[in-house]
Amino acid sequence: MAQNITMEDFEALLAESFEIDTPQEGSVVKGKIIAIEAGQAIIDVGYKMEGRVDLKEFSNPGEAPSIAVGDEVEVFLDRVENARGEAVISRDKARREEAWDRLEKAYAAEERVDGAIFGRVKGGFTVDLGGAVAFLPGSQVDVRPVRDAGPLMGLKQPFQILKMDRRRGNIVVSRRAILEESRAEQRAEVIGNLTEGQAVEGVVKNITEYGAFVDLGGVDGLLHVTDMAWRRVNHPSEILTIGESINVQVIKINKETHRISLGMKQLQDDPWDAVEAKFALETVHMGRVTNITDYGAFVELEPGVEGLVHVSEMSWTKKNVHPGKIVSTSQEVEVMVLEIDSSKRRVSLGLKQTQRNPWEVFAETHPEGTQVEGEVKNITEFGLFVGLPGDIDGMVHLSDLSWEERGEDAIQNFRKADVVKAVVTEVDVEKERISLSIKALDDSFSGAVEGVKRGSIVTVTVTAIEEGGVEVEYEGAKSFIRRSDLARDRADQRPERFNVGDKLDVRVTNVDQKTRRLGLSIKAREIAEEKEAVEQYGSSDSGASLGDILGAALKTED
């Protein structure tokens, strides 16, 4: 029975048939290549529609297109019909949609994807991941910076997807992550075959200030500069060159960080094994200065054996001077072995011990009483320092500057750099001290009192009257007679009894060469004369009075 179909129903059925038969724009459809002409493929996408696609859209970067008439391909349908009545289709867009689906799955599963670098852009490169274009940052190309990426262009190789955003069409990939992963596997395998103490061969890969990196066949080890040789190495380039094959010993392997420490000197004989036998205590050897510090200088006795000359053992005379002002780097010096500690690998050396102690030499060549000449090096509140032979100083104390003036006044007469003469009064080698005297140069006192000794009677001249006594002079040597020594009787002990110019006979009670003083006394002379008279002319037992005895003595003299 026929049904009555209204116009509305017909339009609805027609629209439904269009939805079924007409492919949706913006989707991927299947088609068959029916012809290839003028560099394009003509594709029947069904629905009585054909489209054209450039052949280059069917090829991967660096490859020729491999398609033929009759092949079924997937293409992206942009529009159902263009101005010429053809479907606008694209193989690139189809590949891109297909690729995005595939890449999103790989990204979620953290799987590697294959691609090829095909272009250079700011900050990196473009990579074709089978239809989708990704960005490869310059830092993600290799484990080390790549200067020339030319050899990598167009090569099909694996990449790791770091980030992707389909809405924005952004994909960031890394080649470095793949290399590091395979490198880690290779390192683990190589390290697994190494043992501490094992001797292996490697190639010097890189040299730094602190050492060298050595390739042991897929894994690098660090050869520190201190493990290159037993001797001091200032820079690794002194003994190594990049690309050189060397034998090294595995010193330590860190299983967690996969770091390997290497050594070269461990494969050589340790020179310290023979140090004690070769460098006996107090023996003298030639060495070379290798390093200078604030506290001393390091001297190489032989390759691998260094000793320290402490600043205190560098010079007898230069006490507070930087070692660099006494020796210089690479200088050949003679040193004495002072101490050896093999367990700590330390040798203490002395530089000054190879030269004679200048104070000993001075004591031998300048006994006490020797006259010397030198330059005033320094002036202090307690005296002068005078430069002497052997680069040493002697000191003239304030009290040894002058006989006449006080030391504080006498020192004002001297200036730095003045050349002065002095007499050596004492040399203390142990304390490194030399005492000098300038006033000892004046020996007029010794000449004046020559032959005068204690008990002598001499005639002096009064030069001054003072309350406490009188000042007198004998042959140019001045002295002072105290009030109590002016007479035996207290009543006559009056300085005013005397006048300047009086001649007095006095007894010498003391001769002090150091102070240039004569001890004089009238009282002592009178007592001595009385004693002598008693002995010659009687005794107290004879009944004669002292007056009788002295009277008789005087008559005899007359």
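Residues numbered from 1 in each chain as written. Predicted model: local features only at pLDDT ≥ 70, side-chain atom pairs only at ≥ 80, totals over all residues. Heavy atoms only, no water.

**Describing the packing of aromatic side chains**
So the rule is basically this: In summary, the pairing rule links any two rings of Phe, Tyr or Trp, Trp by its six-membered ring, whose centres are within 6.5 Å, and it sorts them by plane angle into stacked for under 30 degrees, edge-to-face for over 60 and tilted for everything else. Type-normalised accessible area, obtained with a 1.4 Å probe on protein chains alone, sets the label of each residue: buried when under 20%, exposed when over 50%, and partly exposed for intermediate values. Two limits define a charge over a ring: the Lys NZ or Arg CZ must be within 6 Å of the ring centre, and within 35 degrees of the ring normal.
Counting across every chain of the model gives two aromatic pairs. A centroid spacing of 6.4 Å and a plane angle of 85° characterise the contact between Y295 and F298, whose relative ring orientation is edge-to-face. Residue classification places Y295 among the partly exposed positions, given a relative accessible area of 43%. For F298, a relative accessible area of 18% puts it in the buried group. Relative to F385, the ring of F382 has its centre 6.2 Å away and its plane inclined at 80°; by these criteria the two rings are edge-to-face. When the ring centre of W316 is taken as reference, the NZ or CZ atom of K352 above it lies at 4.7 Å.

**A closer look at the sheet that holds strand β20 (residues 346-350)**
How we decide: Two strands form a pair only when DSSP identifies at least two bridges running between them. To qualify as a helix, a DSSP run of H or I must reach at least 4 residues; to qualify as a strand, a run of E must reach at least 2; elements of each kind are numbered from the N terminus. Only the stretch in contact is used when fitting a helix axis, every axis being a line fitted to C-alpha atoms; angles between N-to-C directions are given from 0 to 180 degrees.
Strand order in the closed barrel formed by five strands is β16-β17-β18-β20-β19, with mixed pairing between adjacent strands. Each neighbouring strand pair of the sheet contributes to a mean axis angle of 50°, computed without reference to strand direction. Inspection of the sheet shows strand β16 (residues 284-293) paired to strand β19 (residues 332-341) by five bridges, in the antiparallel sense. Following the sheet pairing, R288 is matched in β19 by E332.

**Describing the confidence of the model for the chain**
Reading predicted coordinates in detail is not appropriate for stretches of low pLDDT. Just so we agree on the cut-off: pLDDT: the predictor's confidence for each residue, scored from 0 to 100.
Put simply, the chain has an average pLDDT of 80, and 80% of its residues get 70 or more. Looking at the elements of the chain, mean pLDDT is at its lowest for strand β5 (residues 88-90), recorded as 55, and at its highest for β16, recorded as 92.

**Description of the nonpolar core**
The condition is simple: We define the nonpolar core as a collection of buried residues of types Ala, Val, Leu, Ile, Met, Phe, Trp, Tyr and Cys that are connected through side-chain atoms lying within 4.5 Å of one another. Throughout, a residue-residue contact means that at least one pair of heavy atoms, one from each residue, lies within 4.5 Å.
Ranked by internal contacts, the top residues of the largest apolar core, which has 22 residues, are L216 and L223. Mapped onto this core, the elements with two or more residues apiece are α3 (176-192), β11 (199-207), β12 (211-215), β14 (245-254) and β15 (259-263). When residues no more than four places from it in sequence are discounted, the contact partners of L223 are G211, A212, V214, M228, L240, I246, V248, L262, G263 and M264. The next biggest cluster of nonpolar side chains, apart from the first, holds 21 residues, and it includes V376, I392, L398 and L401.

**Quick look at the pairing of strand β24 (residues 419-428)**
Direction of pairing for strand β21 (residues 371-380) relative to β24: antiparallel, over a ladder of five bridges. In the sheet register, E375 faces β24, and the bridge partner there is V419. As paired strands, β24 and strand β25 (residues 433-437) are joined by five bridges and run antiparallel to one another. Residue pairing in the sheet places E426 in a bridge with S435 of β25. Here β24 hands over to β25 after four residues, with E432 in that stretch at a positive phi of 50°.

**Some points on helix α5 (residues 358-365)**
Filter applied, for reference: Within this analysis, the arc is defined by the directions that extend from the helix axis to the C-beta atoms. Any N or O atom pair separated by 3.5 Å or less is treated as a polar contact, with the protein-specific requirement of one donor-capable and one acceptor-capable atom, and with residues adjacent in sequence counted only for side-chain atom pairs.
Taken together, the buried positions of α5 are P358, W359 and F362. The buried side chains of α5 occupy one side of the element, clustering within an arc of 100° when seen end-on. On its buried face, α5 sits against β21, β22 (383-388), β23 (392-397), β24 and β25. Taking the backbone nitrogen of W359 as reference, a side-chain oxygen 2.9 Å away marks N357 as the first, capping residue of α5.

**A word on the sheet that holds β24**
Around the barrel, which closes on itself, the five strands sit in the order β21-β22-β23-β25-β24 with mixed pairing between neighbours. On average, each strand axis in the sheet is tilted by 50° relative to the strand beside it, whichever way the strands run. With four bridges connecting them, β21 and β22 associate as antiparallel partners. Each residue of the ladder has a partner; that of T380, found in β22, is G383. The strands that α5 touches are β21, β22, β23, β24 and β25; relative to β24, the one it contacts most, it runs at about 100°.

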